[in-house]
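# Structure assessment
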Amino acid sequence: MNPLRPVILAAAGSGRMKNAVTRVPLTAAVVRRFVAGETRGELAPVARDLLASGRMISVDFLGEYTTEQSMANAAVAEYMSLIDDLAALEAPHTLVPAVEVSVKLSALGQSLGADGPAIATENLHKLCVKAAESRVWVTVDAEDHTTTDQTLDTVRQLHPEFPWLAVAVQTYQRSAEDRCRRLTAAGTRIRLCKGAYQEPDTVAYQRRPDVDASYLRCLNVLMRGEGYPMIASHDPSMIAATLVEAAGSRRCPGDFEFQMLYGIRDPEQRRLTEEGHALRVYLPYGTQWYGYLMRRLAERPANLAFFLRALAERG
Ligand SMILES: Cc1cc2nc3c(=O)[nH]c(=O)nc-3n(C[C@H](O)[C@H](O)[C@H](O)COP(=O)(O)OP(=O)(O)OC[C@H]3O[C@@H](n4cnc5c(N)ncnc54)[C@H](O)[C@@H]3O)c2cc1C
């Protein structure tokens, strides 16, 4: 793992650091590498370009750890308008819906005290009703491990009504393989990712080879299971293993998809798409980009260097 990862992820939770970073005017250049813009107006041309290139999209309205009911209500209202905007885009004819939204339950109110999980479930239900009318899919992001059980509980509750509702599984969690078995047996759409938060050893593997080995075990379970696997990784080894698993389990495009983050390995995204694979780009927008940016910097020292260089140049 990147030795600076714990430090950067700790900074992601620091209010003082957040104030310092978000006030520096450098942000446009660095943030724009990973974030489509701050408004739906800025998002629209980026989304259109990605769709025109044959890629699918999953749009995330940035925001997490809502502390007030009014913020959760505002997030729901934004997602409602977003789904309208996305449904109006000209999407390519793909085997599965080309447009999806990604949602963090903490943005929908999950952390609002004892009622939080019920509030988040109700809010997610509203979004799913709207999404179903618009042929837009919904995936629930995986956040830190303290939210995992509640998040899975919400998805389990809504799955019978919205069988296309998906959830992310983080392979750094020691329980990931078992979770994949249970979710795939229920036919769930699952986004498989390594995991982006700082977690204790009791919960998560700390060494990269262990996280990767867990990814490969989960991949095997999902590709041979009943659900729809979404392989969210930029790692060439995971992509190669997916192609081998797809051949072994006779899965074709439409039976699984690749996913990558906006701004990361763009040529590889295009290559896989041109080869006929289904590929979806996770596309965030909004003003609350700080936590998301910090997680991207933590993943790769080169990103941190890019960020510091931009700081020095502008400073
Ligand atoms: C579509 C999608 C959705 C995700 N959703 C979630 C979620 O819900 N919850 C969650 O915890 N995590 C999520 N993640 C993040 C994920 O957990 C990892 O932190 C991240 O994807 C890096 O892991 P990797 O599999 O790409 O492999 P790594 O081993 O980290 O990276 C492999 C290679 O990919 C490239 N790369 C990876 N990250 C970066 C980067 N930031 N900048 C530049 N190059 C990079 C580099 O070439 C690197 O060598 C998501 C990732 C994707 C792609």
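From a predicted model like this one, the values you see are computed outputs, not experimental measurements.

Let us now look at the environment of Gly 276. The residue Gly 276 is located in the loop between helix H11 (266-274) and strand E8 (279-285) in this model. Taking relative accessible area as the criterion, Gly 276 reaches 40% and is therefore assigned partly exposed. In this structure the C-alpha to C-alpha distance between Gly 276 and Cys 252, which are 24 residues apart in sequence, comes to 9.7 Å.

The environment of the ligand is made up of 24 residues, and the closest members are Gly 195, Arg 208, Ser 233, Glu 299 and Asn 303. Here a nitrogen atom of the ligand and a side-chain polar atom of Arg 191 are 3.0 Å apart. Separating an oxygen atom of the ligand from a backbone N or O atom of Ala 196 is a distance of 3.0 Å. Contact with the protein chains removes 88% of the 930 Å² of surface that the ligand exposes when unbound. At a threshold of 2 Å from the grid points, most atoms of the ligand map onto the largest pocket. Every element with two or more residues in the shell around the ligand is listed here: strand E4 (166-170), strand E5 (189-193), strand E7 (257-261) and helix H12 (290-299). For the shell around the ligand, the leading source of residues is E7, giving three residues.

A barrel is described by the order of its strands in space; here eight strands give the closed sequence E1-E2-E3-E4-E5-E6-E7-E8, paired in parallel fashion. For this sheet, the mean inter-axis angle between neighbouring strands, taken without regard to orientation, is 30 degrees.

With that settled, consider the packing of aromatic side chains. Applying the stated criterion to the full structure yields six aromatic pairs. With a centroid separation of 5.4 Å and 40 degrees between ring planes, the pair formed by Phe 61 and Tyr 285 is classed as tilted. Of this pair, Phe 61 sits in strand E1 (residues 56-61) while Tyr 285 is found in strand E8, placing the two residues 224 residues apart along the sequence. Using a relative accessible area of 0% as the deciding quantity, one classes Tyr 285 as buried. Relative to Tyr 292, the ring of Tyr 282 lies with its centre 6.2 Å away and its plane at 10 degrees, an arrangement referred to as stacked. One end of the pair, Tyr 282, is in strand E8; the other, Tyr 292, is in helix H12, with 10 residues separating them in the sequence. Residue Tyr 282 shares its accessibility class with Tyr 292, and that shared class is buried. Against the face of Trp 137 rests Arg 189, its NZ or CZ located 3.8 Å from the ring centre.

Quick look at the packing of helix H6 (residues 116-133) against helix H7 (residues 148-158) now. Contact geometry of H6 with H7 gives a least axis separation of 10 Å together with a crossing angle of 40 degrees. It follows that H6 is oblique to H7 by the angle criterion. Note on packing geometry: the crossing formed by H6 with H7 is right-handed. Contact residues: H6 offers Pro 117, Thr 121, Leu 124 and His 125, while H7 offers Gln 150, Thr 154, Gln 157 and Leu 158. Here the contact of H6 with H7 is composed, by residue class, of three nonpolar, five polar and no charged.

Relative to the helices and strands, His 277 is located in the loop between H11 and E8. In this structure, His 277 is in contact with Leu 243, Phe 258 and Leu 272, ignoring residues within four places of it in sequence.

What follows covers empty space enclosed by the protein. With the rule as written, the count across this model stands at one cavity of 30 Å³ or more. Approximately 80 Å³ is the volume attributed to the largest cavity. Taken together, 13 residues form the lining of the largest cavity, with Ala 142, Glu 143, Thr 148, Ala 168 and Gln 170 sitting closest to its centre. At the level of secondary structure, the elements contributing two or more residues to the lining of the largest cavity comprise H7 and E4. Per-element accounting of the lining of the largest cavity gives the leading share, four residues, to E4. A class-by-class count of the residues in the lining of the largest cavity yields five nonpolar, five polar and three charged.

Conventions we followed
Residues numbered from 1 in each chain as written. Predicted model: local features only at pLDDT ≥ 70, side-chain atom pairs only at ≥ 80, totals over all residues. Heavy atoms only, no water. Helix = DSSP H or I, 4+ residues; strand = E, 2+ residues; numbered from the N terminus. Buried < 20%, exposed > 50% of the residue type's maximum accessible area, 1.4 Å probe, protein only. Near = heavy atom within 4 Å. Polar contact = N/O pair within 3.5 Å; in protein donor to acceptor, adjacent residues only side chain to side chain. Areas by Shrake-Rupley, 256 points an atom, 1.4 Å probe, with all protein chains shown as cover. 1 Å grid on protein atoms, 1.4 Å probe; cavity = no way out; pocket = protein on both sides within 12 Å on 5 of 7 lines; lining within 4 Å. Sits in = over half its atoms within 2 Å of the grid points. Pairing = 2+ DSSP bridges. Axes fitted to C-alpha atoms, helices over the stretch in contact; angles between N-to-C directions. Phe/Tyr/Trp six-rings, centres within 6.5 Å; stacked < 30°, edge-to-face > 60°. Lys NZ or Arg CZ within 6 Å of the ring centre and 35° of its normal. Parallel < 35°, antiparallel > 145°, perpendicular 65-115°, else oblique. Left-handed = near helix turned anticlockwise from the far one by under 90°. Contact = heavy atoms within 4.5 Å. Nonpolar A, V, L, I, M, F, W, Y, C, P; charged D, E, K, R; others polar. Points joined across faces, edges and corners; volume = space filled by probe spheres on them.

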